[in-house]
Amino acid sequence: MVTADQNALCEKIAALADSMQPELLKFLEKAVNQDSGSYDTEDVNAFGVFLTDACRKLGADVLVHDSSVHGNPIACAFNCKTDDDTRRVLMICHRDTVFEHGNAKARPFTVKEGLCHGPGCADMKGGITIGIHAVKLLKSLADFAGDVPLEIVFSSDEEIGSEASAQFITSRCRKAKAAFFLEPARPGGELVTGRDGGDLLTLEAFGHSAHAGNSFAEGISAIYGIAEVISEFAKLSDDVAGYSCNVGTIEGGTGAIIVPDYAVARIYTRFSTLEQREYLLKNFTEICDRHSHDGLKVTISKPVGFLPFIPNDANRALFDLVHEAGTNYGLDLKGICVRGAADAGIASCEGVPTICGMGIVGGNLHTDREYAVASSLSERLKVLATALVFANERFD
């Protein structure tokens, strides 16, 4: 690996990134104008083909993992192979959005007063755009900066818990020197240096149906049963300590005159440590077991979701490296911890130095008011490309 002179490297990166701004906007427009809602597997996989085609033009070795649920997660390796043992720097992006099919046509990409609009422009098609172009930029500087082993992971279902992608991301982390998650930077430009974890779970109650008038005593109400369990779940939350349990939906029964034999609730938990997660899961199981008697059965599913992204020495070292990269372009980058969960906790819990929020600057995520700051495309491209070189040189 050629160790690049930092000042000269940054000058070259800055000039190239600035010249790529029109190209960045054009690519982002194409990406935003393709639907990729999490539950629309055909759209998610079609967008994956668009991204792998772009990466293959840059010499990528591509691995597509066939998934039986949701879209297929993808890895694109550069200056290494997806299946060799080369240590590489990861960039991780989710290509799904919260917007269902038809949103791209209804609200196509626009730029107005310096702000990009359109479904997923910030979360996280802006980050995808920056990541692919970081590869392109560094390839053009290979004679100066060396061949940096890189890999971009395009997950397929982050917005709904990463059931299809979590294990794939874990497997890709085993060869990683560092992991850059290209989620959007906060509206003030801050990076994300910590996140709570979160799980999605399904609570089910099974009873015995009966006529609510003639045979009420013969029935076992699944709704009554699930309500009693939920009332105990509610006592488990401690928002100050950093963990909570939210019951988002409840369904059950077929009519007022029938004792319901089935009820289901969808649950989301938040936790800031792995110990808090275990506390919640242990209590869920114990409560369900305690209420399963006399013909009533209550079960809780295995969790699908996100591990916490906890600040630690390795993650702080990577943030310091990124901050140093930013100073070369007049930026004093800040890091903040947020409550929203994401995939960054996977890499961090695997012991990989991790940072999040390395994508485009944006806000109003998951709404039709979502925006991304157009000028931050080239700005954050400079930071990312520089940080990738630094991370390759300084991390094992």
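Sequence order sets the numbering: in each chain, residues are counted from 1 along the sequence as written. With pLDDT at 70 or above as the cut-off, local features in this predicted model cover only qualifying residues; side-chain atom pairs require 80 or more to be listed or tallied, and sums for whole chains, interfaces and linings still use all residues. Hydrogens are left out, water is left out, and the side-chain values use all remaining heavy atoms of the structure.

Undergrad: I'm lost on the overall build of the protein in this one. Help?
TA: For the protein, the count of helices and strands is 12 helices and 19 strands. The quantity called the radius of gyration is restricted to C-alpha atoms. Its globule counterpart is 2.2 Å times the number of residues to the power 0.38. Radius of gyration (C-alpha) of the protein: 23 Å, near the 21 Å computed for a compact globule of 396 residues. Counting only C-alpha atoms and orienting by the principal axes, one finds that the protein spans roughly 85 × 45 × 40 Å. Partly exposed residues are those whose accessible area sits between 20% and 50% of the maximum for their type, while under 20% is buried and over 50% is exposed, using a 1.4 Å probe and protein chains only. Each of the 396 residues in the protein was classed as buried or not, and the buried ones make up 55%. A separation of at least 24 residues holds for 80% of the contacts in the protein among residues at least 6 apart in sequence. In these tables, accessible area is a Shrake-Rupley quantity obtained with a 1.4 Å probe, and a residue counts as shielded only by the protein chains included in the view. For the protein, the computed accessible surface area is about 16,600 Å², with 51% contributed by carbon and sulfur atoms. The distance from the centre of the 36 positive side-chain charges to the centre of the 54 negative ones in the protein is 4 Å. Secondary structure is summarised from DSSP: a helix means a run of H or I of at least four residues, a strand means a run of E of at least two, and numbering begins at the N terminus for each. Any two residues whose heavy atoms approach within 4.5 Å are treated as being in contact. Note on charges: Lys and Arg go in the positive column, Asp and Glu in the negative column, and His and the chain ends are not counted at all. Every charge is mapped to an atom, namely NZ of Lys, CZ of Arg, CG of Asp or CD of Glu.

Undergrad: I tried to follow the pattern of salt bridges on my own but got confused; where do I start?
TA: Salt bridge criterion: a side-chain nitrogen from Lys or Arg within 4 Å of a carboxyl oxygen from Asp or Glu. Summed over all chains, the structure comprises 16 salt bridges. For the salt bridge of Arg 339 with Asp 239, the shortest nitrogen-to-oxygen distance reads 3.2 Å. On the criterion of sequence distance, the pair formed by Arg 339 in the loop between β16 (335-338) and α11 (344-349) and Asp 239 in the loop between α8 (222-233) and β11 (244-252) is long-range, its members being 100 residues apart. Under the relative-accessibility criterion, Arg 339 is labelled partly exposed at 47%. Its salt-bridge partner being Glu 286, residue Lys 282 comes within 2.7 Å of it at the nearest N-O pair. Remark: Glu 286 and Lys 282 occur in helix α9 (residues 274-291); sequence separation between them is 4 residues, near one turn of the helix.

Undergrad: What exactly am I supposed to notice about the sheet that holds strand β7 (residues 176-181) here?
TA: What links the strands of a sheet is backbone hydrogen bonding, and the strands pair in either a parallel or an antiparallel sense. The pairing criterion for strands is at least two bridges between them, as found by DSSP. Strand order in the open sheet formed by 6 strands is β1-β2-β6-β3-β7-β17, and the pairing between neighbours is mixed. The open sheet has two edge strands, β1 (61-64) and β17 (354-355), and neither has a second partner. Summarising the sheet, strand β3 (residues 88-94) and strand β6 (residues 150-155) pair through 6 bridges and their orientation is parallel. Directly across from Ile 92, in β6, lies its bridge partner Val 153. Axis definition: a line fitted to C-alpha atoms, over the contacting stretch in the case of helices. Angles run 0 to 180 degrees between N-to-C directions. Against the sheet, helix α3 (residues 41-56) engages β1, β2 (74-78) and β6, with an angle of about 10° to β2. Packed on one face of the sheet, helix α7 (residues 166-173) meets β1, β2, β3, β6 and β7 and runs near 170° to β6.

Undergrad: What is the right way to look at the packing of helix α1 (residues 6-19) against helix α2 (residues 21-32) in this model?
TA: Helix-helix packing is characterised by the crossing angle of the two axes and by the distance between the axes. The contact between α1 and α2 brings their axes to 4 Å, and the two run at 50°. Relative to α2, the element α1 lies oblique. In contact with Ala 17, Asp 18 and Ser 19 of α1, α2 contributes Gln 21, Pro 22 and Leu 24. Residues are grouped as follows: Ala, Val, Leu, Ile, Met, Phe, Trp, Tyr, Cys and Pro are nonpolar; Asp, Glu, Lys and Arg are charged; every other residue, Gly included, is polar. Of the residues assigned to the contact of α1 with α2, the class counts are 3 nonpolar, 2 polar and 1 charged. We call two directions roughly parallel when the angle between them is under 35 degrees, roughly antiparallel when it is over 145, roughly perpendicular when it lies between 65 and 115, and oblique otherwise.

Undergrad: How should the pairing of strand β8 (residues 191-195) be read in this particular structure?
TA: With respect to burial, β8 is a largely interior element, 5 of its 5 residues being buried. In the sheet, β8 pairs with β16 via 4 bridges, with the strands oriented parallel. Note on β16: the bridge partner recorded for Gly 194 is Cys 337.

Undergrad: So what exactly am I meant to see when it comes to the environment of Pro 353 here?
TA: Here Pro 353 is to be found in the loop between α11 and β17. Judged by relative accessible area, which is 10%, Pro 353 ranks as buried. A sequence separation of 51 residues divides Pro 353 from Lys 302, and the C-alpha atoms of the two residues are 28 Å apart. In this view, Pro 353 contacts Lys 177, Ala 178, Ala 179, Ala 314, Asn 315, Leu 318 and Phe 395; residues no more than four positions away in its chain are not counted.

Undergrad: Looking at this model, I keep getting lost on unusual backbone geometry. Mind explaining?
TA: For the bond from Asp 123 to Met 124, the omega torsion is -5°, close enough to zero to count as cis. Counting through the fold element by element, Met 124 comes out in helix α5 (residues 121-140). Even without a glycine there, the phi angle at Asn 79 is positive, about 65°. Classification of Asn 79 as partly exposed rests on a relative accessible area of 34%. A positive phi is found at His 366, a non-glycine position, where the angle reads about 65°. For His 366, the location among the structural elements is in the loop between β18 (362-363) and β19 (371-373). When its relative accessible area of 41% is taken as the criterion, His 366 is described as partly exposed.

Undergrad: Hey, could you run me through α7 in this one?
TA: An α-helix turns once per 3.6 residues; consequently, residues spaced three or four apart project the same way. Among the 8 residues of α7, 6 are classified as buried, and the element is accordingly described as predominantly covered. Taken residue by residue, α7 has Ala 166, Phe 168, Ile 169, Thr 170, Arg 172 and Cys 173 as its buried positions. Contact partners of the buried residues in α7: β1, β2, β3, β6, β7 and α11.

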